[in-house]
Amino acid sequence: MVINRVKADGYKNLEGVDIELDPKMNIICGENAQGKTNLVEAVWLCSGCRSFRGTRDKDFIGFTKDAARVGMDFTDSVRSQRIEFEVKRGAVKDKLVTLNGVKLTLLSKLFGSFRCVVFTPEDLNLTKGSPDNRRSFADLSIAQIKPSYINALNKYNMILSQRNAVLKSSGRDGSGEEFLEVWDEQLAKAGAYISVLRYTFCVTLNSYTKPLYSMITNGSEDLDLYYHSTVFDSFEGRLNDTAQLENEYLEKLKASAENDLRAGFTTVGVHRDDIGAYINGLSVRDFGSQGQARSAALALKLAHAKILKAEHGEYPVMLLDDVLSELDEKRRRFILNNIEDMQVIITCCDEKSVTDMTSGRIFRMEKGRANISD
């Protein structure tokens, strides 16, 4: 998958951006606050995903602009395609989104058409930070393989919200348990399905991250990933037994009902699960050094891209937003060596930080404008 051209105007501070990208390496350099990350964010939104910076739709539009416009031409293994979206001030909910000229109702409807992987400095703490981050990483990765997974997640979250509403409105003395039954059955069905997909993904992810991490450490350390479920003790030999898994999930919800009523929220389920990373048997989150955590995060992100290649037959576009400046020379060299087969967009303050670059294009960002460097 290759981006051929990106246009952006009025998206935050971006002004008249219109650049043709190299099919392999693209460096976007410039001082801070010039628009480098805004451009990467605009590209990322074309994947149909929410902003990795948490930007709300109304904040897409620059302070002095009436509208934000983004367009992207890209080529996959089948054909050339075009994505365009426009958000106007005062009519944010009525944004215009088109794929190959066909109007879509939401940006999220683009999901699955254009695939990319974004790596930010915050992701370097993926294995050290909150379980929320690892669940989100797994969920996005699974959805890029199986787009219908998003529907399952949305359904689960809706049911969970309803169950939690019952818990909050019920008495802390344990009364109200009888009102949970209808939500428990639905939550068990959706939760068991998500659990199986996450566990299966974790096994696949481990098969890719293990050799990648070994390469970083020259074979001196072993990285292993495990899916920690708050419902199931083991998935071995049970992945196809849907009825048994749903029933076990339901029984777990019933057993935790009294605690849930006291707490006012659902204390077990896929919304509380985690993916644990272990180096030589020790938890990276609890005992890993900063270097180990960063190396594990590198392996996770690169594994994500390689899994997408295995599933779809082509690599996604890799977006590296100011990541290389956060890494030592060994890890920079490692990540550059493992993205050789992908189209890459790298942001940095100085292109000299990409010392191994022998071809590609360099763009300079200044005051929201991008110009090809001499």
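Residues numbered from 1 in each chain as written. Predicted model: local features only at pLDDT ≥ 70, side-chain atom pairs only at ≥ 80, totals over all residues. Heavy atoms only, no water.

Peer 1: Teacher, can you tell me more about the sheet that holds strand S11 (residues 282–283) here?
Peer 2: Overall, antiparallel pairing links the three strands, which are arranged S9-S10-S11 in an open sheet. Lying at the two open borders of the sheet, with one neighbouring strand each, are strand S9 (223–228) and S11. Where strand S10 (residues 274–279) meets S11, two bridges bridge the pair, whose relative direction is antiparallel. Bridged to Tyr278 within S11 is Ser283. (Pairing = 2+ DSSP bridges. Helix = DSSP H or I, 4+ residues; strand = E, 2+ residues; numbered from the N terminus.)

Peer 1: Please clarify how the packing of aromatic side chains should be interpreted in this entry.
Peer 2: Aromatic rings in a pair are described by how distant their centres are and how their planes are angled relative to each other. All told, the structure shown has ten aromatic pairs when counted by the stated rule. Relative to Phe85, the ring of Phe60 has its centre 6.4 Å away and its plane inclined at 55 degrees; by these criteria the two rings are tilted. Placement of Phe60 in the loop between helix H1 (36–45) and strand S4 (67–75) and of Phe85 in strand S5 (residues 80–88) is noted, with a sequence separation of 25 residues between them. Joined through ring pairs, the aromatic side chains of Tyr199, Tyr227, Phe232, Phe235 and Tyr249 make up one cluster. Lying across the ring of Tyr315, Lys309 places its NZ or CZ 5.6 Å from the centre. (Phe/Tyr/Trp six-rings, centres within 6.5 Å; stacked < 30°, edge-to-face > 60°. Lys NZ or Arg CZ within 6 Å of the ring centre and 35° of its normal.)

Peer 1: Can you help me understand the pairing of strand S12 (residues 317–321) in this one?
Peer 2: With five of its five residues buried, S12 lies for the most part within the structure. The alternating pattern of S12 places Val317, Leu319 and Asp321 on one face and Met318 and Leu320 on the opposite face, and all of these are buried. Of the pairings in the sheet, the one linking strand S8 (residues 116–119) to S12 comprises four bridges and is parallel in character. Looking across to S12, one finds that Phe119 is bridged to Leu320. When S12 meets strand S13 (residues 344–348), the two strands line up parallel, connected through four bridges. (Buried < 20%, exposed > 50% of the residue type's maximum accessible area, 1.4 Å probe, protein only.)

Peer 1: What is the right way to look at the sheet that holds S8 in this model?
Peer 2: With respect to topology, six strands assemble into an open sheet ordered S8-S12-S13-S3-S14-S15, the strand pairing being mixed. Two strands lie at the open edges of the sheet, namely S8 and strand S15 (369–372), each paired on one side alone. Averaged over neighbouring strand pairs, the angle between their axes works out to 20 degrees when direction is ignored. Here strand S3 (residues 25–29) pairs with S13 via five bridges, running parallel. Residue pairing in the sheet places Ile27 in a bridge with Ile346 of S13. (Axes fitted to C-alpha atoms, helices over the stretch in contact; angles between N-to-C directions.)

Peer 1: Explanation requested: the pattern of salt bridges in the structure shown.
Peer 2: Pairing between side chains of opposite charge can happen when their charged atoms approach one another. Scanning all chains against the criterion turns up 25 salt bridges. A salt bridge links Asp59 to Arg56, with the shortest nitrogen-to-oxygen separation between them at 3.2 Å. Salt bridges sharing common partners tie together Lys12, Glu41 and Arg53. (Salt bridge = Lys/Arg side-chain N within 4 Å of Asp/Glu carboxyl O.)

Peer 1: Help me understand unusual backbone geometry, please; the structure alone is not making it clear to me.
Peer 2: A negative phi angle characterises most non-glycine residues, just as the trans form characterises most peptide bonds. Of note, the phi angle at Lys12 is positive, near 55 degrees, even though the residue is not glycine. With respect to the helices and strands, Lys12 occurs in the loop between strand S1 (2–9) and strand S2 (17–20). At Asp322, a residue that is not glycine, the phi angle is positive and equals roughly 60 degrees. Relative to the elements of secondary structure, Asp322 occurs in the loop between S12 and helix H9 (329–337).

Peer 1: Any chance you could explain the packing of helix H2 (residues 131–145) against helix H4 (residues 181–216) here in plain terms?
Peer 2: Contact geometry for H2 and H4: axes closest at 10 Å, N-to-C directions at 90 degrees. In terms of axis orientation, H2 runs roughly perpendicular to H4. In contact with Arg135, Phe137, Ala138, Asp139, Ser141, Ile142 and Ile145 of H2, H4 contributes Leu197, Arg198, Phe201 and Leu205. (Parallel < 35°, antiparallel > 145°, perpendicular 65-115°, else oblique. Contact = heavy atoms within 4.5 Å.)

Peer 1: Looking at this structure, I do not really get the nonpolar core. What am I missing?
Peer 2: The nonpolar side chains of a soluble globular protein tend to be buried, and buried together. Counting residues in each nonpolar core, the largest one holds 119 residues, and the members touching the most others are Ile3, Met72, Phe114, Tyr249, Met318 and Leu319. With 15 residues, H4 is the single largest residue contributor to this core. Those residues in contact with Phe114 that lie beyond four places of it in its chain are Met1, Ile3, Val43, Cys46, Ser47, Met72, Phe74, Ile83 and Val317. (Core = buried A, V, L, I, M, F, W, Y, C linked by side-chain atoms within 4.5 Å.)

Peer 1: Is there a simple way to explain the state of the cysteines in this structure?
Peer 2: Two cysteines joined by a covalent bond between their sulfur atoms form a disulfide. Scanning the entire structure with this criterion turns up zero disulfides. Cys348 provides the cysteine sulfur closest to Cys349, a residue in no disulfide bond, and the two sulfurs are 7.2 Å apart. (Disulfide = S-S within 2.5 Å.)

Peer 1: How should I be thinking about the environment of Thr200 in this particular structure?
Peer 2: Mapped onto the secondary structure, Thr200 falls in helix H4. The exposure class of Thr200 is partly exposed, given its relative accessible area of 36%. A distance of 2.8 Å separates the side chain of Thr200 from the backbone oxygen of Val196, its partner in a polar contact. (Polar contact = N/O pair within 3.5 Å; in protein donor to acceptor, adjacent residues only side chain to side chain.)

Purely geometric stuff here, so don't read any function into it on its own.
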